[in-house]
Amino acid sequence: QKDVYLRPRKSTGAGPGTNAVVFAQPVPKEAEDLYKSAIADLERQMVKEGIQGLEKAIASFPTYFLALQKLGTMRLVQGEFEPAIKVLGEAAAINSRCYECWYGIGYARYSTGKFLEAVSAVEKALVERPESEEANLLMGMSCRMTKDYDRAEKALKLAVKASEGTSADAHWQLALLYGRDTNRFADAAKELESYLKVYPEAPNKDTIKKLIKQFKDRSGSSE
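Residues numbered from 1 in each chain as written. Predicted model: local features only at pLDDT ≥ 70, side-chain atom pairs only at ≥ 80, totals over all residues. Heavy atoms only, no water.

Draft legend 1. View of the state of the cysteines. Tallied over the full model, the rule gives one disulfide. The residue that forms a disulfide with Cys98 is Cys101, at a sulfur-sulfur distance of 2.4 Å. With the S-S bond torsion at 75°, the cross-link from Cys98 to Cys101 turns out right-handed. (Disulfide = S-S within 2.5 Å.)

Draft legend 2. Looking closely at the pattern of salt bridges. Enumeration according to the criterion identifies 17 salt bridges in this entry. The residue Glu80 makes a salt bridge to Arg75 at a minimum N-O spacing of 3.2 Å. Taking the shortest distance from any N to any O, the salt bridge between Arg129 and Glu100 comes out at 3.2 Å. Here Arg129, found in the loop between helix H7 (115–128) and helix H8 (133–145), pairs with Glu100, found in helix H6 (residues 99–111); they are 29 residues apart in sequence, far enough to count as distant. (Salt bridge = Lys/Arg side-chain N within 4 Å of Asp/Glu carboxyl O. Helix = DSSP H or I, 4+ residues; strand = E, 2+ residues; numbered from the N terminus.)

Draft legend 3. Representation of the packing of aromatic side chains. Inspection of every chain in the model, using the stated rule, returns nine aromatic pairs. Ring plane angle 55° and centroid distance 5.9 Å describe the contact between Phe61 and Tyr64, whose orientation is recorded as tilted. Accessibility expressed as a relative area gives 17% for Phe61, which makes it buried. You can call Tyr64 buried: its relative accessible area is 3%. Taken together, Phe81, Tyr99, Tyr103 and Tyr107 form an aromatic cluster joined through their ring pairs. (Phe/Tyr/Trp six-rings, centres within 6.5 Å; stacked < 30°, edge-to-face > 60°. Buried < 20%, exposed > 50% of the residue type's maximum accessible area, 1.4 Å probe, protein only.)

Written out as structure tokens, the structure is:
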């Protein structure tokens, strides 16, 4: 057994990546100054002060997209999933093309066991970035949990492709899909071999090697 711990995006920059370019919003100077001060605090690792600053910026201008998106991301990083969903939902209502918003909502839904809702959110993230490694990984994991195995396999393979084969987590999830969910033991063994190739320092390396042998034995493969 191995759990994959998804990691929310921790960017502390002034804007949410691509969406900062495609989404423009007039912002009152007072709110903008509060936001810039909050970002400066976050960049200095003054998380409490930064979050308080973002909340003040939003209080000053309740539809401030950048501040909402950033606050939602910070809630996510801190593991405050329901507050993150609420704030990121408000940001997405203002800018429906916010990849980080939909990915964050999907991440929070997955983390709280709401897998169908996670799928729905990640679908919207993938509309914006269909080749995203992290979104396809999250989609594959969510679909595994809803037993939509065909869709899970497709998404996880896309995550592997997007990472050029370097996503250990995607290989692991494929191994679980093949070895636990669909009884494709030869494929499970291959994915575990790929996992160890990408992550040779895995602390459970010896156990995984034994599992590879077990899967090959069950598939009748001697390769």
